[in-house]
Amino acid sequence: VNSGQDVKAMLKAGLRPRRPLAPEWVYALGFTLLALAPALLLLLTSDTPGWAARAGAWAAAPPVLSAVLAALAGLRLARAMTPGSPTVAALPWLSVWLVLLAGALALSTSRAHAPAWGSDEQHCFDSGLIVGAFVLLPVFLLLRRGAVLRINATGAAAGVLGGLAGLLALESSCDNPAFWHIALSHVTVPLALPLLVLLLLLALSLLRRLRLR
Amino acid sequence: MNLELEELLERWQQGDAAAVDALVDRLSPLLRRFFLGLDFDANAADDLVQDTWLRLHRALRTYRPGAPALPWIYAIARHTRLDSLRKRARVRRGEVAMDVLPEVVWEPAPPGEEPLPIGPLLAELPAAQREAVVMTKLQGMSLEEVARATGSSVGAVKQKVFRAYEKIRALARERGLR
């Protein structure tokens, strides 16, 4: 009984009205728009449209697929903000996306030349990561308000979302239609960024544990 | 205050002190039974109940009005327990991996405590199966609610409960219990 009274007193001491999180679809939509924003901005302002804008109908598939995956990643992040929400399994969707993307790229890109990893590839990969990091930052700031559980999975989903933002930006601005260029320096961005975020989170948790010892 | 848990949580978010009283009165015994069913340690269960309330208080704004209350509460409760187990394991033996967390040992209920009828059998189940049985049978949660609270699928929870029942039945037969 005493313990119950203690708990009540503790809770009442900190009692104040709290504004609950917005419905999950609001956050999911917000995260998706955030992922699409750099690509839309580049499309509107760029003089030289990316390869996808100039190639045939199949070339529209990679950006559309990526936007769908960004919406799923956004939903995953929005649900992570509320403990006990149904989860969205990101990995199966990522695998489906990769298979469809490979098919779409094979049908729509040029295989006339297959360059080795060069400055072009490095430039696209770095630019994609930078755009992704700029999207990750506001996503992280929003997630700090929720996402109290499953930090690593949430971080990885945020990485996928940032990576997709980078990929979409590259698709709308890079005019190199070579299959290997796109496969090596565009598609790798949404795969590399979540890995980097995961490694960072694991390193931080290891550091925290070492400090606690 | 005879309201649904969801309504009480919304009132707590609005700063209603009466809702706090009603929630603590209604949920604390359930949470205590949940922790007791998992670890069979009355003192640890009391501490965990307090920690869980503190975390629920901190995470209050993450409850979305209209969402089912039990998965939200139990998702936080089970993470409170996992964090506490990790901390205890670290303190006891330095760093340990999650898959070698200490095994629980069933002890008879202290005087004045309501005994768990299948306590000794529960103690022999793997942690994940024990959790699924405690949530569904002792807490009366639906499979959907357990799946949400544990971040898994309904099928996975159903399988854990099924396997747990099979093991409990086998253990009961082995020991001549009915």
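Residues numbered from 1 in each chain as written. Chains lettered and ligands numbered in written order. Predicted model: local features only at pLDDT ≥ 70, side-chain atom pairs only at ≥ 80, totals over all residues. Heavy atoms only, no water.

Time to look at the overall build of chain A. Along its length, chain A carries nine helices and zero strands. Across its three principal axes, chain A shows a C-alpha extent of roughly 80 × 40 × 30 Å. Burial analysis of chain A (213 residues in total) assigns 42% to the buried set. Long-range pairs, those at least 24 residues apart, make up 84% of the contacts in chain A between residues at least 6 apart in sequence. Treating the 16 positive side-chain charges of chain A as one cloud and the 8 negative ones as another, the clouds have centres 23 Å apart. (Helix = DSSP H or I, 4+ residues; strand = E, 2+ residues; numbered from the N terminus. Buried < 20%, exposed > 50% of the residue type's maximum accessible area, 1.4 Å probe, protein only. Contact = heavy atoms within 4.5 Å. Lys, Arg positive; Asp, Glu negative; His and termini not counted. Charge placed at Lys NZ, Arg CZ, Asp CG, Glu CD.)

All names here are of chain B. Taking 1.5 Å per residue as the helical rise, helix H8 (residues 154–174) with its 21 residues ought to reach 30 Å, and the 30 Å between its terminal C-alpha atoms agrees with that figure. For H8, every residue scored as buried is listed here: Val157, Val161, Ala164, Ile168, Leu171 and Ala172. Looking straight down H8, one finds that the buried residues subtend no more than 95 degrees of arc, so they occupy a single side. Those residues of H8 that are exposed and angled more than 90 degrees off the buried face are Lys158, Arg173 and Glu174. On its buried face, H8 sits against helix H5 (119–122), helix H6 (127–138) and helix H7 (143–150). Positioned one or two residues after H8, glycine 176 has a phi angle of 70 degrees, which is positive. (Expected span 1.5 Å × (residues − 1). Arc of directions from axis to C-beta.)

Residue and element names in this part refer to chain A. Where helix H6 (residues 119–143) contacts helix H7 (residues 151–173), the axes come no closer than 7 Å and their chain directions differ by 135 degrees. By the angle between their directions, the pair H6 and H7 is classed as oblique. Both H6 and H7 take part in a crossing whose hand is right-handed. For the pair formed by H6 and H7, the contact residues are Cys124, Ser127, Gly128, Val131, Gly132, Val135, Leu136, Val139 and Leu143 on the first element and Thr154, Ala158, Gly159, Leu161, Gly162, Ala165, Gly166, Ala169 and Leu170 on the second. Tallied by class, the residues present in the contact of H6 with H7 amount to 11 nonpolar, seven polar and no charged. (Axes fitted to C-alpha atoms, helices over the stretch in contact; angles between N-to-C directions. Parallel < 35°, antiparallel > 145°, perpendicular 65-115°, else oblique. Left-handed = near helix turned anticlockwise from the far one by under 90°. Nonpolar A, V, L, I, M, F, W, Y, C, P; charged D, E, K, R; others polar.)

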